[in-house]
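# Understanding the architecture of this molecule
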Amino acid sequence: MILTPNLVSLPPMIKNLESGWFTEIYRDGGSAFSLQIREKLHEEQSHYQHIEIYATTHFGNLMVIDGCYMLTSFDNFLYHEMMSHPALFTHPAPRRVVIIGGGDCGTLREVLKHPGVEHALQVDIDERVTRLSEQYFPELCESNHDPRAELHFGDGIQWMKDAPAGSVDLIIVDSTDPVGPAEGLFTEAFFRDCHRALGDDGVIVQQSESPLYHLDTIIRPMHKAMRDAGFSDSVTLPFPQPIYPSGWWSATVAGKIPVQAFRVADARNKTFQTRYYNADIHQGALAQPAFFGD
Ligand code: SAM
């Protein structure tokens, strides 16, 4: 199918769909990443955002929100595994997990692989992301009916404000970029609410964009906001993510406990399959690139 040219300005990204290729241009970084498209499967404007689903030739299905790549069937395991397992193996015994965002349900699936997790609540503002994921990414939604899983649709910022103190062990913020409804998820005020909602050994992990492009604009400010909110330790774990700007992404972990150590023996003896994460990958990601200290 030949797709008609279409150019829409959506700062800081633009999309440029033409001749069977979808190109997400990251204007601020002077770079772009293209995927060959087989067909458009779906497009809608939800109450919160513009959602598109494509079938690609080599990356499986692709979800795009507000012109930005969210995930593909082919490479989402890198992101979902690094957003969940390092933090889960950092907390001494995570039982109560809350995912803010994460509407595609891939992070929820990884969380529920941990037998010690008793309750995993996903709070995404946009139910349409989950309904479309059930349809076009069913493999990510295979744990949605696990009796420990709960799906709630609402604003994660408000949910965290209302959460009882000490009621959560681990918070995973699997959000869109810090524009629109996700903007408040990158603020000290939000991290303060998270700190209050977390128990004594509480840990939080937040997707923190590209180490190459966003060290000064997102990663360093996030560390400061997390520390100012009361967390005593924080570390950024880089990992590959081909479809995101620069191909290199990160998860920033903070805690009321040290987060540069983890349950290595449990990670080595984990009882479930992963495709990227293992204890050595976790250890390696804790080794900080020299330029992080510049
Ligand atoms: N892996 C993706 C990335 O880094 O680009 C994130 C994917 S996930 C689909 C992001 C989700 O965050 C979306 O489903 C969106 O609806 C949700 N979201 C954005 N702002 C939110 C908020 N304030 N509360 C809850 N969910 C939010």
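Cut-off values and rules
- Here the residue numbering is sequential within each chain, running from 1 through the sequence in written order.
- For a predicted model such as this one, the threshold for reporting local features is a pLDDT of at least 70, and the threshold for listing and counting side-chain atom pairs is 80 or more; totals across whole chains, interfaces and linings nevertheless cover every residue.
- Only hydrogens and water are set aside when side-chain values are computed; all heavy atoms of the structure are taken into account.
- Think of a salt bridge as a Lys or Arg side-chain nitrogen and an Asp or Glu carboxyl oxygen that are within 4 Å of each other.
- Counting from the N terminus, the helices are the DSSP runs of H or I reaching at least four residues and the strands are the DSSP runs of E reaching at least two.
- Strand pairing follows a simple DSSP-based rule, namely that at least 2 bridges must link the two strands.
- Helix axes are fitted only over the stretch in contact, all axes being lines through C-alpha atoms; the angle between N-to-C directions runs from 0 to 180 degrees.
- Should an angle lie under 35 degrees it is considered roughly parallel, over 145 roughly antiparallel, and from 65 to 115 roughly perpendicular; all remaining angles are considered oblique.
- The crossing is said to be left-handed when, going from far helix to near helix, the turn is anticlockwise and less than a right angle, and right-handed when the turn is clockwise.
- In what follows, residue pairs with any heavy atoms lying within 4.5 Å of each other are defined as contacts.
- Here is the rule: rings of Phe, Tyr and Trp (six-membered ring for Trp) pair when centre to centre is within 6.5 Å. Planes less than 30 degrees apart are stacked, more than 60 are edge-to-face, and the remainder are tilted.
- Three labels apply to residues, based on accessible area from a 1.4 Å probe with only protein chains included: buried if under 20% of the type maximum, exposed if over 50%, partly exposed otherwise in between.
- Any Lys NZ or Arg CZ found within 6 Å of a ring centre and within 35 degrees of that ring's normal is scored as a charge over the ring.
- Just so you know, the domain bounds were taken from an automatic or database domain assignment.
- Throughout, buried area stands for the accessible area (probe radius 1.4 Å) lost by two parts on being put together, summed over both.
- The classification used treats Ala, Val, Leu, Ile, Met, Phe, Trp, Tyr, Cys and Pro as nonpolar, Asp, Glu, Lys and Arg as charged, and all other residues, Gly among them, as polar.

## Brief notes about the pattern of salt bridges
Per the counting criterion, the structure on display carries 16 salt bridges. E110 serves as the salt-bridge partner of R109, at 3.4 Å between the closest nitrogen and oxygen. For the salt bridge of R220 with D216, the shortest nitrogen-to-oxygen distance reads 2.6 Å. Within this pair, R220 and its partner D216 are both found in helix 6 (residues 215-228), separated by four residues, close to a single helical turn.

## Quick word on the sheet that holds strand 11 (residues 168-174)
Note on sheets: strands pair through backbone hydrogen bonds, and any given pair is parallel or antiparallel. Reading across the sheet, the seven strands line up as 10-9-8-11-12-14-13 and stay open at both edges, with mixed pairing between neighbours. Each edge of the sheet is formed by a strand with only one pairing partner; in this case those strands are strand 10 (149-153) and strand 13 (233-240). Within this sheet the neighbouring strands show an average axis-to-axis angle of 15°, counted without direction. Direction of pairing for strand 9 (residues 119-124) relative to strand 10: parallel, over a ladder of five bridges. Looking across to strand 10, one finds that Q122 is bridged to L151.

## Here's the deal with unusual backbone geometry
For D66, which is not a glycine, the phi torsion comes out positive at approximately 50°. With respect to the helices and strands, D66 occurs in the loop between strand 6 (61-65) and strand 7 (68-72). Of note, the phi angle at E209 is positive, near 65°, even though the residue is not glycine. Relative to the assigned elements, E209 resides in the loop between strand 12 (198-207) and helix 6.

## Notes on the packing of helix 5 (residues 188-197) against helix 6
Where helix 5 meets helix 6, the closest approach of the two axes is 8 Å, and the angle between their N-to-C directions is 45°. Our classification of the angle between helix 5 and helix 6 gives oblique. Here helix 5 runs over helix 6; the crossing is right-handed. Residues E188, F191 and R192 of helix 5 form the contact with helix 6, whose participating residues are M222, A225, M226 and D228.

## Some details on the packing of aromatic side chains
By the definition in use, this model includes 14 aromatic pairs. Consider the rings of F59 and F74, whose centres lie 4.6 Å apart with planes at 65°: the pair is edge-to-face. Placement of F59 in the loop between strand 5 (50-56) and strand 6 and of F74 in the loop between strand 7 and helix 1 (76-88) is noted, with a sequence separation of 15 residues between them. Under the relative-accessibility criterion, F59 is labelled buried at 16%. An angle of 55° between the planes, with centres 5.8 Å apart, marks the rings of F190 and F191 as tilted. Given the relative accessible area of 1%, F190 is considered buried. On the basis of relative accessible area, F191 is assigned to the buried category, the value being 0%. Members of the aromatic cluster, connected to one another through ring pairs, are F22, F33, Y54, F59, Y69 and F74. Here the guanidinium or amino end of R275 rests over the ring plane of F77, the centre of that ring lying 4.0 Å away.

## Describing the domain arrangement of the protein
The domain boundaries assigned to the protein delineate domain 1 (7-72) and domain 2 (76-293). Each of domain 1 and domain 2 has a C-alpha centre, and the two are 24 Å apart. For the domain 1 and domain 2 pair, buried surface summed over both sides reaches about 2100 Å², with 67% attributable to carbon and sulfur atoms. Taken as a group, Y26, Y48 and L71 account for 25% of the area that domain 1 buries against domain 2, more than any other trio of residues on that side. Inspection of the domain 1/domain 2 interface yields one salt bridge. The salt bridge partner of E44 is R128, with a shortest N-O separation of 2.8 Å. For the side of domain 1 that touches domain 2, the secondary-structure elements that each account for two or more residues are strand 3 (21-26), strand 4 (31-45), strand 5, strand 6 and strand 7. Here the side of domain 1 that touches domain 2 takes six residues from strand 4, the largest share from any one element. Each residue belonging to the side of domain 1 that touches domain 2 can be placed in one class, and the counts come to 16 nonpolar, seven polar and two charged.

## Notes on the environment of P92
Positionally, P92 belongs in the loop between helix 1 and strand 8 (96-101). Residue classification places P92 among the partly exposed residues on the basis of a relative accessible area of 42%. P92 sits 111 residues away from V203 along the chain, and the two C-alpha atoms are 9.8 Å apart. Aside from chain neighbours lying at most four places away, what touches P92 is D201, I257 and R263.

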